[in-house]
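Descriptive analysis of the structure
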Amino acid sequence: MIFDIRKFSINDGPGIRTTVFLKGCPLRCLWCHNPESQRLEPELSFLPEKCIGCGFCARVCPNGCFASGAFDRTRCTSCGKCAEQCYAGARELIGRLFSVEEVLAEVRKDRIFYENSGGGVTVSGGEPLFQSDFTAALLRAAKKEGFHTCLDTCGYAPWEKIEALLSDVDLLLYDLKETDPARHLEYTGVPLAPIVDHLKRLDAAGKESILRCPLVPGLNDRPGHADGIAEIANRLKHLREINLMPYHPLGESKLARLGRDEGFHGEFADSAALEPFRQRLAAAVSVAVSFS
């Protein structure tokens, strides 16, 4: 179940890449910028400002979602029939089933860009280990075709699922959300310990990694978190660099389109205001620390 295949991606690993975004995630980060990736099943996105009132959606809806005139999400099963008829683009079904071969067909189209830039394919999410069998099969097939592979993961999965695909991963993009155990549980809904343990085991297995750390003002932009990242990073022998990702509120508008109102409400994070955090971390580690 995939919700996006993004071409010409330059922030998901080295070179020019194609990033495959899988649905489903075990975390519920307060600041999630891809809430459409959290649930495994397809979801209907609705942009009311694009709606032109043509009524085609109501005519094809099998569940009576428009019986009262307004759109009643409580009846919606995300069948996608309304999205198929919505030529104005107000309704979109997010998530559909792909085969490995269908994904590779898209990836192959940009082979020349990978070869000229040192790029390849990145499997992301959501959490790609949430659909671990598909992710393993996709990475295996990509390696057979000679593509460089990245896995963007939070590391929260049974070790057996991670170990099963290691041989087909060239580089890990490893998400580290928070380094205080209590805060990590509060902010993401899952414990920190297995995530750090898996990162250490991956490093011991010789896997190169890039740490990707979201910075959310008022939550995890404190000096202690910088020190926590440094403590973990300095134990890794195969760490390439650390990317700091300032918070942006784009996920909030996505929540509204999905008919959800929960979530973190914040402002765009200012990289300049977060520069002291970056400097503190950079002074404590031997790898490059940059904003992404």
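Coordinates for the structure precede this section.
What counts as what
- Residues numbered from 1 in each chain as written.
- Predicted model: local features only at pLDDT ≥ 70, side-chain atom pairs only at ≥ 80, totals over all residues.
- Heavy atoms only, no water.
- Buried < 20%, exposed > 50% of the residue type's maximum accessible area, 1.4 Å probe, protein only.
- Helix = DSSP H or I, 4+ residues; strand = E, 2+ residues; numbered from the N terminus.
- Pairing = 2+ DSSP bridges.
- Axes fitted to C-alpha atoms, helices over the stretch in contact; angles between N-to-C directions.
- Parallel < 35°, antiparallel > 145°, perpendicular 65-115°, else oblique.
- Left-handed = near helix turned anticlockwise from the far one by under 90°.
- Contact = heavy atoms within 4.5 Å.
- Nonpolar A, V, L, I, M, F, W, Y, C, P; charged D, E, K, R; others polar.

**Here we look at the pairing of strand 5 (residues 120-124)**
The buried fraction of strand 5 is high, at five of five residues. Bridging between strand 5 and strand 6 (residues 148-153) involves four bridges; their strand directions are parallel. Residue V123 lies in a different strand from strand 6, and its bridge partner there is L151.

**Looking at the packing of helix 9 (residues 223-233) against helix 11 (residues 271-284)**
The angle between the axes and the distance between the axes are what describe a pair of packed helices. Relative to each other, helix 9 and helix 11 sit at 30°, their axes nearing to 9 Å. It follows that helix 9 is roughly parallel to helix 11 by the angle criterion. You can see that helix 9 and helix 11 cross each other, and the crossing is right-handed. Of the residues in helix 11, those touching helix 9 at P223, H225, A226, D227, I229 and A230 are F277, R280, L281 and A284. Its residues assigned to classes, the contact of helix 9 with helix 11 shows seven nonpolar, one polar and two charged.

**Quick notes on the sheet that holds strand 6**
Within the open sheet, the eight strands sit side by side as 1-2-5-6-7-8-9-10. Their pairing is mixed. Every interior strand has two partners, whereas the edge strands, strand 1 (2-9) and strand 10 (288-291), have only one. On average, each strand axis in the sheet is inclined to that of its neighbour by 20°, with strand direction left out of account. Where strand 1 meets strand 2 (residues 17-22), five bridges bridge the pair, whose relative direction is antiparallel. Bridge assignment links I2 to a residue of strand 2, and that residue is L22. The strands that helix 3 (residues 100-108) touches are strand 1, strand 2 and strand 5; relative to strand 1, the one it contacts most, it runs at about 15°.

Worth remembering: the numbers are spatial, not functional.
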